[in-house]
Each structure stands twice: as C-alpha cells, then as structure tokens.
Amino acid sequence: MSVVGLGLALQLLAPAPCTDSVAGRVVDEITGQPVPAALVRLGSQSVETDATGHFELPGVCPGDHGLTVERPDYQTVRREVSVDGDTEVDVHALPRELEHEDHVLVKVAAARATETRASETLEGEALARTRGKGFAEALRGVAGVTVLRSSAGGLGKPVIRGQYGRRNLLLNDGVRHQGQEWGIDHAPEIDPFSAGSITVLKGAGSIRYGPDAVGGVVLVEPPPLRRSAGVSGQAHLVGVSNGRQGITALRLDGAHAKLPGFAWRVEGNVARAAALVAPDYPLDNTGSLGWNAGATTGYFGKGFDVRLSYRRFFQKAGLCTCLRNESPEAFAQSFALGAPVGADLYTSEYRIERAFQRVTHDLASARGRVAVGTAGELTATYAFQDNHRDEFAVVRQGVSGPQIELDLRTHSGDLAFEHAPVPLAEGLWLEGTAGTTVAHQVNAFEGNQTLIPDYAQWWGGVFVLERVATEHFEMQWGVRYDGLTRTSTLSERDYLGQTGTGRLEADDCERTADGGGRCRFPFNAGSGSYGVLVRALRGLDVRLDLTSAARMPNVDEQFLNGVAPSFPVLGLGGSSLGVERTWGASLTLDQSHRWLATETSGFVNYIDDYIYFAPEPSDGPLGLNETVRGTYPVFSFRPLDAVFYGFEHAFEISPRGPKGGRPVSIDGQIGLVRARDVTHRGFLVFVPPGRYRLGLTYRWPEVWKLRNGYVSAGGTFVDRQRRFELEADFAAPPPAYFVLGAAAGVELPLGDQVLALGLEGGNLTNARYREYTSLLRYFADEPGWELRLRLSLDFAMRGPARAGRRSVAARARPWL
Amino acid sequence: MTYLAPRFAASLRCLSLGLAGVLAIACTTDDGSDGGDESEVITTVRLTFTPPGGGAAVTAAFTDPDGDGGVSGSSDPIALVLGTTYDLDLEFLDELQDPPEDITAEIEREAEAHQVFITGSAVEGPATTSDPTAPVLQSYADLESNYGANEVGDDLPVGLANTITARTAGTGRLTITLRHMPELNGQPQKTAGLAQMLASGASLPGQVDAAVDFELTVQ
C-alpha cells in the first residue's frame, strides 16, 4: 500500500477559478489507522471519508478555508486550509475516549524535512499487516526492497536498490543500529513490533545520519508516547501454519493526571517457531526462539522534554541442517542433486540443535530536547548498544560452547540544532539543522580459527543541512565530514599469516607483546547532497537528488582471514582499501490523479572503489588455498568501479464506486536493478533480479459493526537473474518463480477497544522455488505455503477524570 | 535453554538500571560459561604405514599450522614399497593448541558417527570404482566395536585403521576424507554401504571434517 503524496506541506495562496480540489486522509492520532465515515466540511461542502480514510472535495476556490472533520467518537478537528491548486491535507484525529478534560488536541502532521529521494512509509494498516513478520520481511512490500534471506529460520536483511548489509543505514529510534553486519548470515537485530512507523528512504547518502547509506536508509520510529492521562495499548496474537509459529506481543502506554508531563511505555513480545517446511521436505533445524522487551519513560516539560529508553532483543535461530561443511567437489555434487542429501530424515521440530546462532542486542538511549529561546531547538542523544553474537557449529560431543563469539559495544553521542525558520522573502523560508556525532566502538572476537581481529574505533562527524521552501519549489543541500580511526589487534597467527602473504604491510602495524600486530588505519571523507522538489503540475511532484556519499571499509573488508561456515571458500581482506565513494543521482515523479496514484523513481549510482568480494584468479599467487577440508578457492575484498542503476514504479488505481468510497483498488509494483563491474566489464553477484507485483483489493462497506473490511489477492513474479558471473558465485542463479498470496481482514469495535482480525496466505500454490538473494538457494528450496492468522487488540482505559494540565501538542515530534 | 534464565535476569537488572538513568556500561552480558574458544579444529592429518612384522614405518602428514586462512596447508609425499602390505593408521590433530590436541580419541569415542573414506587415482577400495591399475588396494581394518560398544545399527567400519597393499608401481593421488555424521532427529546418518555409495557417485550425508590429498608413489 503506497501512501503516495501524503504529508506534504500545504500550498499557499494564489488567485485562480474555483476548480481546485482538496483531498486527503484522516487517520487516528493514536493508532495511525484510517478513520472512515468521518464528515469533512469545507465551506458549504461536505463529504464522508471512505474506508481508507480518504476524502476529496472538488470545485474549491483558491484561498483560505476552514476545514472541520467530525465523527461522533473522535474529537472534532478544525483547521485552516490554504487552497491553491489541488491541495492535500493530512488530518490526525484523536479518539474521544482519550479526551483530556475539555481541550481539543489537534496535531497537524509535523512537516517533515523535504525528502528529495523516493521514500515510502509503512504505518497504520500497512504496518499492522506485517505484524509478526521479521524486520526485513516486513519491508518486502516496499517497491525496490527485497530480502537477503538467511539460512536460519525467518531471518534476513533488507536489500535496497541492490545493496544489503553494510551498505544500508538502519536507524532504530533515531540511533544508528550497530550489529555484526559483515556476515551475510547476520540479520539486523531490530524488533519490528517496537515500530509505529517504518520509513524506507531509497537512494544513496545521508547527510543527517552519516556514512554507509549506499542503498538507502531505514528509519524505525516508535509510536509517540501518551500525552493525555490514561493507559492504552496494543496486544497481538499471531499464528502461522508453516513452522507452527506462535507470536504474542503486548505494548502498554500510560500517563497519569497526578504526574503531569510523565509518560511511560513497557512492551515485549515472544516468538517461537518450529522448522519451516519447503514443499518437498522440512528445512530441518530452522526453528527459532526470540523475545524482545523494552521500557521507555519520558517527561514533557515547558520548552523541553527528555526520554529514557532501554530494550533488549534476543534470538536463537537454528541453521538449516541442509547447510553442511563440504569439500568444494562434494558441495558442487550436492548442489547438482537439487535436494538436500538425507532429506528423508528431516523433520519440523521446535527443538534447536547445532548449528545455531544466539544473539542478544541491548540498546539503551537517553534523549533530551530543549528550545533555545526562539532561535531553534537542540536535541541531544546518547546511546549504548551491546551486540553479542554466539555461533554454534556441529561439533563432537566433547565441545559445549560456541565456536564463534562476537561482542560489539558502541557508545554514541549525537547533538543536533534545528534553527527556527528564517523568512528570506515573502513566502520564502530558510530552515535547517546542524549537528555532530561522536561514537566509540569496540569489537571482541573469540573463535577457534582466525576470522576478524578485535578492534577499537573512534568515529566523528559534523554536518549542516539547509533548505529553502517556497510555494512550488523546495531546495535542500547539505555537507558532511566524517573521520574514523580503527585500531585492529591481530593475533600472532593472524598477523604472521597476513604479512606473510603480502596482504598487510608490516609498516602499518606495531608489534604487540604476544607477537601479534596492532594496526591503525584512519579514514576521512566528505559527503554532500543537493536536492530539489518541484510541484510541477497539479498532483505532480518532481524530485531530484544528487549526492556524493562515502563509506569506510569495515573490519572484515580490511582483515578477514578465514573460511566462511558452510561455503567452500576462503575469504581474505585487503588492508590497503580506502574509502568507497558513491556518486548518485535519482529522479522521482509522484503523481496523484483522482483515481490513480503513482510513484516512479529512477536512479544511477556510480561507485568509485566499490569494495567487492570476488575470487582471486586461480592461477595467481593467492588463487587457491589448501585447507584441511580441501582446496578452497580464495575470495578477497578488492576495489573496483561499479555502477548500479534501475527504477521502481508503484501504482494504485482506485476508481470511485457507485455509492461513493473506493471499494476496489488495483495496485502494482515493478522493481528493477542492474549492476555492472565497470573495471572488468562484468556483472556483480547478489543483485536482485526484476520483481513484479500485482494485487487486487476489495474493501467492503461497514456491515453491522464490522468495519475496514477488505479482501485482497496478489501475485509476485520474480525473474531469473540473467546477469551474473559464475566464477564469482558457487552456483548459477535459480529459475524465475511466481508466488500467489491472499489476505482478508476486518475490524470490530468493542466499546473502547478495537479488535482487528487478519488472515493471510502466502505461497498458496505451494510453489517450489529458490531465491537468488537467499543463502538457502545453494542447499534447499524456500518454504512452501503458509496461513497467517493475526488478532490485534487496541485498547484504551480512561484516565482519572480529574483535570490535569493541558497537553502541549504544537511541537510534537515523530519520536515523542 | 539453561542460559535463558540468567540472561533474562540480566536483562531485567539492566532494565531497572536503565530506568534509573544509569545507562550503558552497567549492562554487560558476559556469562563466563560460554568460553567462545572451544576447539573443534583439525590442522593435521597424519598417516602411518606400518609394514608387517615391524620394519621402518612410512609416515606422511597434511598440515595447515595456522589453520584456515593465512598460509596454505601442504602434504608430504608418500613412498611405498611394491609388494608390501601395510597397516595404515590415521591421526587427526589440532596443533593450534599447545600442546597439540589429539582429536583421534574423540573420533574413536564417536566411532558410530564418523567414517574415513579413502579415494583418489592411486587407490582401489570400497569407496572407489574398480581400477586394477591403481597402485594400492585399500580395505578397512577396523569396526565401530573396536572403539567401544556398538549401540546403533550395524557394526560398520570407521577407517582409522586400514590395510594398504602396494601392488602396482606407479604414482597417483590419495585422498583422505573424514565425515562427521551425527544422528539426525534420532536416526543414524552413518549407515551401511556409504563407501559403495560414494564409489557410485552419490552424495553422502553429514559434513566433511577433513579432506586432504597426498601424492602416493609405489616403487
């Protein structure tokens, strides 16, 4: 469901005949759900919102109008709307049961900073439908986003515009997520239940948040804390047939009249799954167990607010038995079989045996915001993250612990000053933010073999981001500078191995007392961006973004030295690697007609010194390595010049029904990415193939008390990747596939609560397929059909009737 | 699952500290029990060919002293005397440890989950196709019951002890593959006839713990 073109700033006054329209959407302030059947009045006209909360009023004269939105169970919203051309309005309505004394709380959607890149936000109903899915899986519905599936049950990482892992920036509650992202089996440790909205910004560069955004940025924002007295919350119960998964989640939000300004939240969820089942056999040992817990407390004062938050992510996930350590010959032989060896012994059980991963991720953050007179506001954030990962291999019985243990600890401080808008001329404003970030990170590795060294690093950055906005035109530019110094400590064996094979210069390191080496590498890089948004015609926005973004090499890219589990390849780093520089351009067209909304975005990224993991020439000095498990080909990280280009297109056709509303809609998506190795005139691996989706939704009118009912069906066709280099991979890409899905849902109001039911079917034809961007593809088929039943309860308990203080709404920010 | 309880307790402790505003550093998650450095590495495969009635044994080893990565491993050539029948004993060592750890004892203890397969152009044996010109003839000289009670299934060969007959002069490759085949969902993965399956070109279950090549000459 693309929410196209909402949340735009209102347009300003200009004389014209009365042919304009005012259209928009009314959503629930607390839940983000659409509010249907609300009466929208503008001057003498009125209309009711449809099932999706949308409304449209044609024939409006340019000028200022009073807009009211009424529904018996919601606070009446009154707003001034300036109409010039077709105008979009985004209304947040507060449920009446949350009424706080006699005031009327109207939150005008905070005007977001101009986004000159293609972006899509999952919230409200679209987000609710993903409840119970993994983080990456939840993003799969966004055009241009695919998933790099891990071989462990249900885990994966998002692929944005062909980039995954370290080339996407993940911000969890405004804090840069820091996990072990170097392994392709390392899924981001983010709890999707904690999100009130998930936004994907597609395209390179992030002036605000720093390096690494080559593919894009994912912003996971928690829902706002309560501002009025009372307790509210959400409970979810999800059951999935495949893997007999059960997921339960609870969130409680509260604020008390006796403690004005204070708000709290506690949340937690537990998920358990047995091994998933592919059409022909169970994916043995892919069961998983995970839980999340978190608590947040905030205080809203006069001119300032503070918030403290802590959350923990835990996951234990089995790796498919089908992943086996093999000699290169046996690996190729097993792949040719088309099914795992010994699959007749495979079962789907909850028990998790070796091999498995066990990960905890702790995130503690403190944030304060204060108004600096009328000059602007200052936001300070401190965060600590501890990412602890244990990996257990299949071993003989005498061994009990993990074979790999990694602990990554990051302290980060972030300071940003947003200056108040400065009027430059009539209708022309200058807005902007400047800030700085400092972070310290320590990674400790323990394993029985060399893999990556321990390191400590300091990272700092400064940025300025400014924009001017006029009626039909917005422009934004920013510059950023980052410096990073990483000191890696190699064990003696590692140090001698790396200097002995000429991949590390002895001059770059100082020897440690135990014979190892301490190697310090500094990196510096500037970034810049320039973006323009033009409201070209009625309902047509054009966005152009030009960017130059940097990414510093990760520790594995510098010093990897070992064999990846389950793959017959020896991986080596390159200590001489420098900063990877992306030059990106993207053009996005947003079009919103009366019954058709589209978003089309094209991009080109030229990546200078793209750090790529590719095979060494087999006749070269490092080409082959004799290991105890056979002669392995050697892959190493080397720089090459690469170009990524492609486009995404999403559309929704929703004609008006005979009785009003928009009962039937058709939506579709196309995502295409192409990548070229410019240096060697070849292709790159793991670039997602073309993906096409088409869906049909019917929203039925309110029957009895059942509302927001829908039924939908859709299919996804994923092409075969035809552009590949077999030498840089272990097997040819799998064939194209088609999967069919269907969903239905309805809401039932029960007094102050709303019960939502959803039923979703995935891979309904039980298609047997392998996915090019899945690690499983070398070993086994993807999971077969599943049914997913979702029960969600939104509940609110009235606060004490005694008068509290009035809430301060005007300065509300997404994270509050 | 035993780790879950203390970890959850640690998270609650951390949570309360977080709420008290004492963030970060207090929230460590070390649990000393894990170690994280459990050895399960084979760096050395040692072959000892002992002629009958004594005489000088022929030894050869594959070693990768720095483990995976770094410097490539290498193997010694093997030279056998034509017409001699040898007892071949295999040893698997972890020389990253000081003193080196003998993994052979572990394999013997889990004989029902391990089997060595000997293949290559120099060999004719149970795991190869028939090749009368191959320099040596190999046969298994041990059974699971030699190393402990045979509790599951048939009493199958393990391959830590073999009989090698140097029958034709020539040079070829000798490949030693050690497969670890623990029970899967209560069913043995090591079953009768695996060597014959390998000879016929089928894939075997379990995983490879070692697969090393030697150059073997019979003269």
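Residues numbered from 1 in each chain as written. Chains lettered and ligands numbered in written order. Predicted model: local features only at pLDDT ≥ 70, side-chain atom pairs only at ≥ 80, totals over all residues.

1. A short note on the overall build of chain A
Helix and strand content of chain A: five helices and 43 strands. For chain A, the C-alpha radius of gyration of 27 Å lies close to 28 Å, the compact-globule estimate for 816 residues. Each of the 816 residues in chain A was classed as buried or not, and the buried ones make up 53%. Across chain A, every contact between residues at least 6 apart in sequence was considered, and the portion connecting residues at least 24 apart equals 67%. (Helix = DSSP H or I, 4+ residues; strand = E, 2+ residues; numbered from the N terminus. Rg over C-alpha atoms; globule rule 2.2 N^0.38 Å. Buried ≥ 20, exposed ≤ 12 C-beta atoms within 10 Å, placed from the backbone. Contact = placed C-beta atoms within 7 Å.)

2. Things to note about the confidence of the model for chain A
Residues and elements named next belong to chain A. Residues of chain A with pLDDT of at least 70 account for 92%, and the chain-wide mean is 85. For chain A, the element scoring lowest by mean pLDDT is strand 8 (residues 107-108), at 28; strand 19 (residues 262-273) scores highest, at 96. Per-residue pLDDT stays below 50 along residues 97-112; that stretch engages in 37 contacts with residues further than four places along the chain or on separate chains. Here residues 799-816 is a poorly scored stretch, pLDDT under 50, and it has 37 contacts once near neighbours within four places are set aside; other chains count. (pLDDT = per-residue confidence, 0-100.)

3. Some remarks on the interface of chain B and chain A
The partner chain A presents 60 residues to the 49 residues of chain B that form the contact. Sorting the residues of the side of chain B that touches chain A by element identifies helix 1 (4-19) and strand 12 (207-218) of chain B as the ones contributing at least two each.

4. Let's talk about the sheet that holds strand 7 (residues 114-119) of chain B
Residue and element names in this part refer to chain B. Read across the sheet, four strands follow the order 4-12-11-7 without closing on themselves; strand pairing throughout is mixed. The sheet terminates laterally at strand 4 (78-80) and strand 7, the two strands that pair on one side only. Neighbour to neighbour, the strand axes of the sheet diverge by 30° on average, direction disregarded. Across three bridges, the pairing between strand 4 and strand 12 is parallel. Of the residues in strand 12, the one forming a bridge with Ile78 is Leu216. (Pairing = 2+ DSSP bridges. Axes fitted to C-alpha atoms, helices over the stretch in contact; angles between N-to-C directions.)

5. Digging into the environment of B:Tyr140
All names here are of chain B. Relative to the elements of secondary structure, Tyr140 occurs in strand 9 (residues 136-140). Judged by the 21 C-beta atoms lying within 10 Å of it, Tyr140 is buried. Tyr140 sits 31 residues away from Thr171 along the chain, and the two C-alpha atoms are 22 Å apart. In this view, Tyr140 contacts Pro126, Pro157, Gly159 and Asn162; residues no more than four positions away in its chain are not counted.

6. Some details on the sheet that holds strand 2 (residues 39-42) of chain A
All names here are of chain A. Here we have four strands laid out as an open sheet, ordered 3-2-5-6, and antiparallel in their pairing. Looking along the sheet, the strands with just one partner apiece sit at the ends: strand 3 (45-48) and strand 6 (74-83). Here the average twist between neighbouring strands, direction ignored, is 20°. As defined by bridge partners, strand 5 (residues 63-71) adjoins strand 6 across eight bridges and the pair is classed as antiparallel. Looking at strand 6, one finds that Val69 is bridged to Val77.

7. Some remarks on the nonpolar core
Counting residues in each nonpolar core, the largest one holds 81 residues, and the members touching the most others are A:Leu139, A:Leu171, A:Ile198, A:Val217, A:Val218, A:Leu283 and A:Cys320. No other element matches strand 16 (residues 216-221) of chain A, which puts four residues into this core. Excluding residues that lie within four positions of it along the chain, A:Leu283 makes contacts with A:Ala275, A:Leu276, A:Val277, A:Ala278, A:Cys320, A:Cys322, A:Ala780 and A:Pro783. Listed in part, the 47 residues of the second largest apolar core include B:Val45, B:Ile78, B:Ala134 and B:Ala210. (Core = buried A, V, L, I, M, F, W, Y, C linked by C-beta atoms within 7 Å.)

8. Let's talk about the pairing of strand 41 (residues 737-750) of chain A
All names here are of chain A. As defined by bridge partners, strand 40 (residues 707-718) adjoins strand 41 across 10 bridges and the pair is classed as antiparallel. Of the residues in strand 41, the one forming a bridge with Tyr710 is Gly745. With nine bridges connecting them, strand 41 and strand 42 (residues 753-762) associate as antiparallel partners. The residue of strand 42 that forms the bridge with Leu748 is Leu755.

9. Regarding unusual backbone geometry
The step from A:Arg354 to A:Ala355 runs through a cis peptide bond, and the omega angle for that step is 5°. Mapped onto the elements of the fold, A:Ala355 is located in the loop between helix 3 (328-337) and strand 22 (356-372). That bond from B:Asp98 to B:Pro99 is cis: its omega, 0°, falls within 30 degrees of zero. Secondary-structure assignment places B:Pro99 in the loop between strand 5 (85-94) and strand 6 (101-102). A positive phi angle, close to 55°, is found at A:Arg681, a residue other than glycine. Following the sequence through the fold, A:Arg681 ends up in the loop between strand 37 (664-677) and strand 38 (682-683). For A:Arg681, a count of 7 C-beta atoms within 10 Å gives the class exposed.

10. Quick notes on helix 3 of chain A
Taken together, the buried positions of helix 3 of chain A are A:Pro328, A:Ala330, A:Phe331 and A:Ser334. For helix 3 of chain A, the buried positions fall inside an angular range of 160° around the axis, keeping them on one side. Looking at the packing, one finds that the buried side of helix 3 of chain A touches strand 36 (630-653) of chain A together with strand 12 of chain B. One or two residues past the end of helix 3 of chain A sits A:Gly338, with phi positive at roughly 85°. (Arc of directions from axis to C-beta.)

11. Considering helix 4 (residues 492-500) of chain A
Residue and element names in this part refer to chain A. Listed as buried for helix 4 are Arg493, Asp494, Tyr495, Gly497 and Gln498. In this structure, the buried side of helix 4 is in contact with strand 27 (473-490), strand 29 (517-537), helix 5 (555-559) and strand 31 (561-563). Following helix 4 by one or two positions, Gly502 adopts a phi angle in the positive range, close to 75°.

12. So, the pairing of strand 39 (residues 691-700) of chain A
Residues and elements named next belong to chain A. Burial of strand 39 is one-sided: the residues Arg691, Arg693, Gly695, Thr697 and Arg699 facing one way are buried, the residues Tyr692, Leu694, Leu696, Tyr698 and Trp700 facing the other way are not. With eight bridges connecting them, strand 37 and strand 39 associate as antiparallel partners. Considered in strand 39, the bridge of Asp667 is made with Gly695. A loop of six residues connects strand 39 with strand 40, the two strands running antiparallel in sequence, and Trp704 in this loop sits at a positive phi of about 50°.

13. Focus: the confidence of the model for chain B
Keep in mind that low pLDDT regions are not for reading the predicted coordinates in detail. Per-residue confidence for chain B gives a mean pLDDT of 83; residues scoring 70 or more make up 82%. Confidence drops under a pLDDT of 50 for residues 1-37 of chain B, and excluding neighbours within four residues, the segment shows 52 contacts in the predicted structure.

14. What about the environment of A:Arg265?
All names here are of chain A. By secondary structure assignment, the location of Arg265 is in strand 19. When the C-alpha positions of Arg265 and Ser232 are compared, they lie 9.6 Å apart, and in sequence the two are 33 residues distant. Leave out the neighbours within four places in its chain, and Arg265 touches Leu225, Arg251, Leu252, Asp253, Ala295 and Thr296.

15. Thoughts on the environment of A:Pro734
Residues and elements named next belong to chain A. Its place among the elements puts Pro734 in the loop between strand 40 and strand 41. The exposure class of Pro734 is partly exposed, given the 19 C-beta atoms found within 10 Å. Between the C-alpha atom of Pro734 and that of Leu759, which follows or precedes it by 25 residues, the distance is 30 Å. Not counting chain neighbours up to four residues away, the residues in contact with Pro734 comprise Arg720, Tyr769, Arg770, Glu771, Tyr772 and Arg777.

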